[in-house]
Amino acid sequence: MKILGIESSCDETAASVVEDGKKVLSNVIASQVEEHKIYGGVVPEIASRRHAEAISGVVKNALADANCTIDDIDAVAVTYAPGLIGALLVGVNFAKGLSFASGKPLVPVHHLRSHIASNYISHAELKPPFLCLVVSGGHSHIIEVKDYTDFRIIGYTHDDAAGEAMDKAARAMGLPYPGGLNMDRVSAGGDPTAYKLPHPRVDGAPYDFSFSGLKTAVLNIINNSKQKGEEISVPDLGASYMNAVVDCLIENTEKAAKDLGYDKIVLAGGVSANSVLRKRMEQLCTKNKWERYYPELKYCGDNGAMVAAQGYYEFIGGNTADLDLNAVASMSIE
Ligand code: KG4
Ligand code: ZN
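Here's what I pulled together on the structure shown here.

Procedures and definitions
Each chain has its residues counted from 1, following the order in which its sequence is written. Here every chain gets a letter starting at A, and every ligand a number starting at 1, in the order they are written. Given that this is a predicted model, residues contribute local features only at a pLDDT of at least 70 and side-chain atom pairs are listed and counted only at 80 or more, while totals for whole chains, interfaces and linings are drawn from all residues. Side-chain calculation: all heavy atoms of the structure are included, whereas hydrogens and water are not. By definition, any uninterrupted DSSP run of H or I lasting at least four residues is a helix, any uninterrupted run of E lasting at least two residues is a strand, and each is numbered from the N terminus. Lines fitted to C-alpha atoms define the axes here, with helix axes fitted over just the stretch in contact, and angles between the N-to-C directions of these axes take values from 0 to 180 degrees. Our angle categories are set so that under 35 degrees counts as roughly parallel, over 145 as roughly antiparallel, 65 to 115 as roughly perpendicular, and the remainder as oblique. Here a residue-residue contact requires only that any non-hydrogen atoms of the pair lie within 4.5 Å. Gly is placed with the polar residues, together with every amino acid not listed as nonpolar (Ala, Val, Leu, Ile, Met, Phe, Trp, Tyr, Cys and Pro) or charged (Asp, Glu, Lys and Arg). Paired strands are those between which DSSP finds at least two bridges. Here a donor is any nitrogen, oxygen or sulfur atom (N, O, S) within 2.8 Å of the metal, with 3.2 Å used for Na, K and Ca; water is not among the atoms considered, so some sites may look incomplete. Type-normalised accessible area, obtained with a 1.4 Å probe on protein chains alone, sets the label of each residue: buried when under 20%, exposed when over 50%, and partly exposed for intermediate values.

1. Considering unusual backbone geometry
Cis geometry is found at the peptide bond from Ala 81 to Pro 82, where omega equals -20°. In this chain, Pro 128 is followed by Pro 129 through a cis amide linkage whose omega measures 5°. One non-glycine residue, Asp 20, lies in positive phi territory at about 50°. Position of Asp 20 relative to the elements: it lies in the loop between β2 (12–19) and β3 (23–31). The residue Lys 289 is not glycine, and still its phi comes out positive at about 55°. Inspection of the secondary structure puts Lys 289 in the loop between α9 (275–288) and β10 (291–293).

Right, here's the structure in full:
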């Protein structure tokens, strides 16, 4: 069964054809990063306009690269929530038009569900149930994946998402957008013990996160150094910061896995590309003799293949939409 997946929730216009939820036949991504970089972050209005310009060509190329026409496709899957509303609407409206014109079923896909599904592409043997740490620019969740379309949130962030926290701190350190990725790059040789940073906990909620205090601590370090006329070491501060964020992610994931009895841990979302997080997750799972899975780097960020992969499971589970499908900016994965 061939599913066309369409993604436009943030700053990548993407489309892909995936067979049976696993075999990627094409994967086309038009990134807007260079344009948003000028402003230090994603400008929603620009994102919507660029999606509108790119989407038709991106979908056409995804079909052509897969040696398909729309007649060969079994269903059109699209990200409809959560995300930037104007950006989501471009993908949703395009998918609705395509579904109407071709008579193919329309399948609504939740963005975080699709990030999790990127692992089914990279690991054909992976099946639920498992515990998943989903870390992206907009979300930080520990999620019990009971089945392909059955999820329970175990932990969440009370303020900034892990990627957002990295982006904001990176910006304060003078690094270009996307900050998390650039912080990871420049901190490769940095000393993670050079700067003392808090490891924020949420009282009474051992699986939840709070990253805004960490970001404030970094801003204080930068401002104090400026006042004293001292230079900060960007690689050392970046390494210390990533270490503090990853400590929180790893500690809570370990506790949740032990309390709930999971021995299979999966990483998903843009921040799952982070080198420190991958290394520490590797150590955690080796120590506890747990299985661990990460998406391939090319499927960590937003892409159409993960939408088509999750779309496959939504479709065979009977989740289709009518032409009154709307985009929704904020929606729980449950
Ligand atoms: O999943 P994603 O592409 O978009 C959302 O759904 O939000 O995640 C984007 C986030 C950004 O915050 C970006 O800085 C972060 O993922 N990111 C990274 C790395 N690569 C991307 N953060 C840390 N280390 C990386 N290597
Ligand atoms: Zn994403």
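2. Describing the packing of helix α4 (residues 111–122) against helix α10 (residues 304–316)
Where α4 meets α10, the closest approach of the two axes is 7 Å, and the angle between their N-to-C directions is 95°. In terms of orientation, α4 and α10 fall into the roughly perpendicular class. Contacts from His 111, Arg 113, Ser 114, His 115, Ala 117, Ser 118, Tyr 120 and Ile 121 of α4 reach α10 at Ala 305, Met 306, Val 307, Ala 309, Gln 310, Tyr 313 and Glu 314. The residue inventory of the contact of α4 with α10, partitioned by class, reads 8 nonpolar, 5 polar and 2 charged.

3. Topic: the sheet that holds β2
If you trace the 5 strands from one edge of the open sheet to the other, you get β3-β2-β1-β4-β5, paired in mixed fashion. In the strand order of this sheet, the two ends are held by β3 and β5 (106–110), each with one partner. Between one strand and the next, the sheet's axes are offset by a mean angle of 20°, whatever the strand orientation. Alignment of strand β1 (residues 2–7) against strand β4 (residues 75–81), held across 4 bridges, turns out to be parallel. Across the sheet, the residue bridging to Leu 4 is Val 76, located in β4. Here α4 sits on the sheet in contact with β1, β3, β4 and β5, set at roughly 95° to β5. With respect to the sheet, α10 is in contact with β1, β2, β3, β4 and β5, its orientation differing from that of β1 by roughly 125°.

4. Topic: the coordination of the zinc ion (ligand 2)
Those protein atoms acting as donors to the zinc ion (ligand 2) are His 111 (NE2), His 115 (NE2) and Asp 302 (OD), and they sit at 2.0 to 2.1 Å. Every donor residue of the zinc ion (ligand 2) comes from the same chain, spaced as H-x3-H-x186-D. Of this pair, His 111 and His 115 both sit in helix α4, 4 residues apart, which is roughly one turn of the helix. Assessed through its relative accessible area of 1%, His 115 is described here as buried.

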